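Listed below, chain by chain, are the residues.
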Amino acid sequence: MTRPAWDDYFLQIARTVATRATCPRASVGCVLTREHRILTTGYNGAPRGVSHCLEAGCLVVHDHCQRAVHAEANAIVQGALHGVGLSGATAYCTHEPCVNCSKLLISAGVVRIVYEVAYPDAIAAELLAEAGVTVEHVPAPAVTLA
């Protein structure tokens, strides 16, 4: 048995976190780490006290669900709620962060983002580069059918 590399390990955890997502439009997970330790996790779902998309349906405006909070934002909120500083963290995301989540990750002090599924956004890429955040695409492992 071969131990997975750290990036593969944390991306697998992000995929597991994504299974908790409550917006049927996408199951997204995020794991924030520092020095090979998990700081927080987040998945896309409704804010606390608000009905989830699975219960009440999505609120779609301009092709985006307004009911769901993105996984990266939820991971940052968990840090704020529990007093966990995120400066110097790496974000492992099942999907490439959108521009809004990219801005939040930059402001939270995240220095590296590793993602599996591309969601290209030129403005997000520009802001991340300007902020000096390293961004790496690691494609999801191929699924083999038995």
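Reference entry: report on the structure contained in this document. Treat the numbers as computed from the prediction; the structure is a model and nothing was measured.

### Things to note about the overall build of the protein
(1) Moving on: Across its full length, the protein carries five helices and seven strands.
(2) Moving on: Written out in order from the N terminus, the α and β elements of the protein read α-β-β-α-β-β-α-β-α-β-α-β.
(3) Moving on: With the C-alpha coordinates of the protein rotated into their principal frame, the extents come out at 45 × 40 × 35 Å.
(4) Moving on: When each of the 146 residues of the protein is scored for burial, the buried share is 38%.
(5) Moving on: For the protein, contacts bridging at least 24 residues in sequence account for 52% of all contacts bridging at least 6.
(6) Moving on: Of the roughly 8,500 Å² of accessible surface on the protein, a fraction of 56% belongs to carbon and sulfur atoms.

### Considerations on the packing of aromatic side chains
Aromatic ring pairs are defined here through the distance separating the ring centres and the angle between the ring planes.
(1) Moving on: Summed over the entire model, instances satisfying the criterion amount to four aromatic pairs.
(2) Moving on: Here the aromatic rings of Trp6 and Tyr9 are separated by 5.8 Å at their centres, their planes lie at 80°, and the arrangement is edge-to-face. On the criterion of helical spacing, the pair formed by Trp6 and Tyr9 is a turn pair, its members being three residues apart in helix 1 (residues 6–18).
(3) Moving on: Residue Tyr9 is classed as partly exposed on the basis of its relative accessible area, which comes to 38%.
(4) Moving on: Consider the rings of Phe10 and Tyr92, whose centres lie 5.2 Å apart with planes at 35°: the pair is tilted. Taken together, the positions of Phe10 in helix 1 and Tyr92 in strand 5 (residues 90–95) put the pair 82 residues apart, joining distant regions of the chain.

### As for the nonpolar core
(1) Moving on: The biggest cluster of nonpolar side chains holds 16 residues, and the ones touching the most others in it are Cys30, Leu32, Ala91, Cys93, Leu105, Val110 and Ile113.
(2) Moving on: Of all the secondary structure elements, the ones that give two or more residues to this core are strand 1 (29–34), helix 3 (71–82), strand 5 and strand 6 (112–117).
(3) Moving on: For this core, the element with the most residues is helix 3, which contributes three residues.
(4) Moving on: If near-sequence neighbours (up to four positions away) are discounted, Leu32 is found in contact with Arg37, Ile38, Leu39, Thr40, Ala75, Ile76, Leu86, Thr90, Ala91, Leu105 and Val110.
(5) Moving on: Counting eight residues, the second largest nonpolar core, distinct from the first, contains Ala14, Val17, Val31 and Tyr92.

### A look at the pairing of strand 7 (residues 134–137)
(1) Moving on: Pairing analysis gives four bridges linking strand 6 to strand 7, with the strands arranged parallel. For Val114, the partnering residue across the bridge sits in strand 7 and is Glu136.
(2) Moving on: A crossover links strand 6 with its parallel partner strand 7, the connecting element being helix 5 (residues 122–130), and its sense is right-handed.

### A look at the sheet that holds strand 2 (residues 37–43)
(1) Moving on: The five strands lie next to each other as 2-1-5-6-7, forming an open sheet whose pairing is mixed. Only two strands of the sheet have a single neighbouring strand rather than two, namely strand 2 and strand 7. Neighbour-to-neighbour, the strand axes of this sheet turn through a mean angle of 20°, independent of strand direction.
(2) Moving on: Those strands touched by helix 3 are strand 1, strand 2 and strand 5, and its axis lies near 130° from that of strand 2.

### Some remarks on unusual backbone geometry
For residues besides glycine, phi is generally negative; the peptide bonds are generally trans as well.
(1) Moving on: The phi dihedral of Glu35 is positive, around 55°, even though this residue is not glycine.
(2) Moving on: With respect to the secondary-structure elements, Glu35 resides in the loop between strand 1 and strand 2.
(3) Moving on: Even without glycine at this site, His36 takes up a positive phi of about 65°.
(4) Moving on: Checked against the element boundaries, His36 lands in the loop between strand 1 and strand 2.

Parameters at a glance
Residues numbered from 1 in each chain as written. Predicted model: local features only at pLDDT ≥ 70, side-chain atom pairs only at ≥ 80, totals over all residues. Heavy atoms only, no water. Helix = DSSP H or I, 4+ residues; strand = E, 2+ residues; numbered from the N terminus. Buried < 20%, exposed > 50% of the residue type's maximum accessible area, 1.4 Å probe, protein only. Contact = heavy atoms within 4.5 Å. Areas by Shrake-Rupley, 256 points an atom, 1.4 Å probe, with all protein chains shown as cover. Phe/Tyr/Trp six-rings, centres within 6.5 Å; stacked < 30°, edge-to-face > 60°. Core = buried A, V, L, I, M, F, W, Y, C linked by side-chain atoms within 4.5 Å. Pairing = 2+ DSSP bridges. Right-handed = clockwise from strand over helix to strand, strands pointing away. Axes fitted to C-alpha atoms, helices over the stretch in contact; angles between N-to-C directions.

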